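Structure at a glance
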Amino acid sequence: SSLENKTNCEARFYLLKAFRKDRKYAKAFAEANKIVNTCGEPWKKKALYFAGLLQNIRPNKNANYVYDEFLEKYKNHSYSDDMLYWKARVALEFEGEKAYFKILNRLINQYPGGDYFFQAGFELAIHAAEEGQETKAQGYLNRLKSSKRLSLIQLDQIAYWQARLKIYPKPNYLIKTRHKDR
């Protein structure tokens, strides 16, 4: 019956959450897959989100389908930028920096109001600076500054890096030092 299936899906979802809390990630991911393959909404969406979170904790190069399916089905959901950022993190581990930065660019273009907009844009700016592309780095920082959702700390970070890049265009020009008392 429909009620039985709904109850079963809800129970599986709470089991998935319990496994995640107990750090039994493989079991949690297996439950998420069961929910995705057998349940309807809202359980499918919730399970895909948790599967993405789990893949960010314990990356698996064969799990991109989790991110892709969520982004295809729920592209305007408030968690879509989370999923894209987590996909970038997995890509960094298995595909390298080029894939990682390509996905971060997609994130800042597709989700300028998302929670991960600042993180992605900031990482792109620092990477451009490390590559000696000060103008590109400043462009990313200017784009970040135009966001209406930034905290004062984030605005201060942008101002600091914009000034620093004018003085030291490549971040590795500064030598790390330690105080002799430490």
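Residues numbered from 1 in each chain as written. Predicted model: local features only at pLDDT ≥ 70, side-chain atom pairs only at ≥ 80, totals over all residues. Heavy atoms only, no water.

Moving on to the overall build of the chain. Broken down by element type, the chain carries nine helices and zero strands. Along the chain, helices (α) and strands (β) appear in the sequence α-α-α-α-α-α-α-α-α when read from the amino end. Its C-alpha atoms give the chain a radius of gyration of 20 Å, clearly above 16 Å, the size a compact globule of 182 residues would have. Dimensions of the chain, computed from the C-alpha atoms along their principal axes, are close to 70 × 40 × 30 Å. Expressed as a percentage of its 182 residues, the buried residues of the chain come to 42%. Looking at the chain as shown, the accessible area adds up to about 11,300 Å², and 50% of this sits on carbon and sulfur atoms. Averaged over its 33 positive side-chain charges, the chain has a centre that lies 2 Å from the centre of its 20 negative ones. (Helix = DSSP H or I, 4+ residues; strand = E, 2+ residues; numbered from the N terminus. Rg over C-alpha atoms; globule rule 2.2 N^0.38 Å. Buried < 20%, exposed > 50% of the residue type's maximum accessible area, 1.4 Å probe, protein only. Areas by Shrake-Rupley, 256 points an atom, 1.4 Å probe, with all protein chains shown as cover. Lys, Arg positive; Asp, Glu negative; His and termini not counted. Charge placed at Lys NZ, Arg CZ, Asp CG, Glu CD.)

To continue, consider helix α5 (residues 80–94). An α-helix turns once every 3.6 residues. As a result, residues three or four positions apart point the same way. If you check α5, its first and last C-alpha atoms are 21 Å apart, about what 15 residues at 1.5 Å a residue would give, namely 21 Å. Counting buried residues along α5, eleven of its 15 residues qualify, which places the element largely inside the surrounding structure. Every buried residue of α5 is accounted for by Ser80, Asp81, Asp82, Met83, Leu84, Tyr85, Trp86, Lys87, Ala88, Val90 and Ala91. Those residues of α5 hidden inside the fold are in contact with α3 (43–57), α4 (64–73), α6 (97–110) and α7 (117–130). Gly96 sits one or two positions beyond α5 and adopts a positive phi of about 100°. (Expected span 1.5 Å × (residues − 1). Contact = heavy atoms within 4.5 Å.)

What follows covers unusual backbone geometry. With omega at 0°, the peptide bond leading from Glu41 into Pro42 counts as cis. As for its placement among the helices and strands, Pro42 is situated in the loop between α2 (25–38) and α3. Positive phi, normally seen in glycine, also occurs at Arg23, with a value near 60°.

Before going further, it helps to examine the side chain of Asp82. Looking at the secondary structure, you find Asp82 in helix α5. Here Asp82 sits buried without a salt bridge, and the closest side chain of opposite charge, Arg149, lies 8.5 Å off (N-O distance). (Salt bridge = Lys/Arg side-chain N within 4 Å of Asp/Glu carboxyl O.)

Turning next to the environment of Phe13. Looking at where Phe13 falls in the secondary structure, it is placed in helix α1 (residues 2–21). Relative accessible area serves as the criterion here: at 4%, Phe13 is assigned to the buried category. Along the chain, Phe13 and Asn76 lie 63 residues apart, while their C-alpha atoms are 23 Å from each other. Those residues in contact with Phe13 that lie beyond four places of it in its chain are Ile35, Trp43, Lys46, Ala47 and Phe50.

Right, let's get into the packing of aromatic side chains. Counted under the stated rule, the structure contains twelve aromatic pairs. Taking the centre distance of 5.5 Å and the plane angle of 20° together, the rings of Phe118 and Phe122 count as stacked. One end of the pair, Phe118, and the other, Phe122, are both in helix α7, four residues apart, so they sit about a helical turn from each other. When its relative accessible area of 7% is taken as the criterion, Phe118 is described as buried. Ring centres 5.4 Å apart and planes at 90° place the aromatic pair Tyr160 and Trp161 in the edge-to-face group. Exposure remark for Tyr160: the relative accessible area of 47% places this residue in the partly exposed category. Judged by relative accessible area, Trp161 falls into the buried class, the value being 17%. Aromatic rings pair up to connect Phe13, Tyr14, Trp43, Tyr49, Phe50, Tyr79 and Trp86 into one cluster. (Phe/Tyr/Trp six-rings, centres within 6.5 Å; stacked < 30°, edge-to-face > 60°.)

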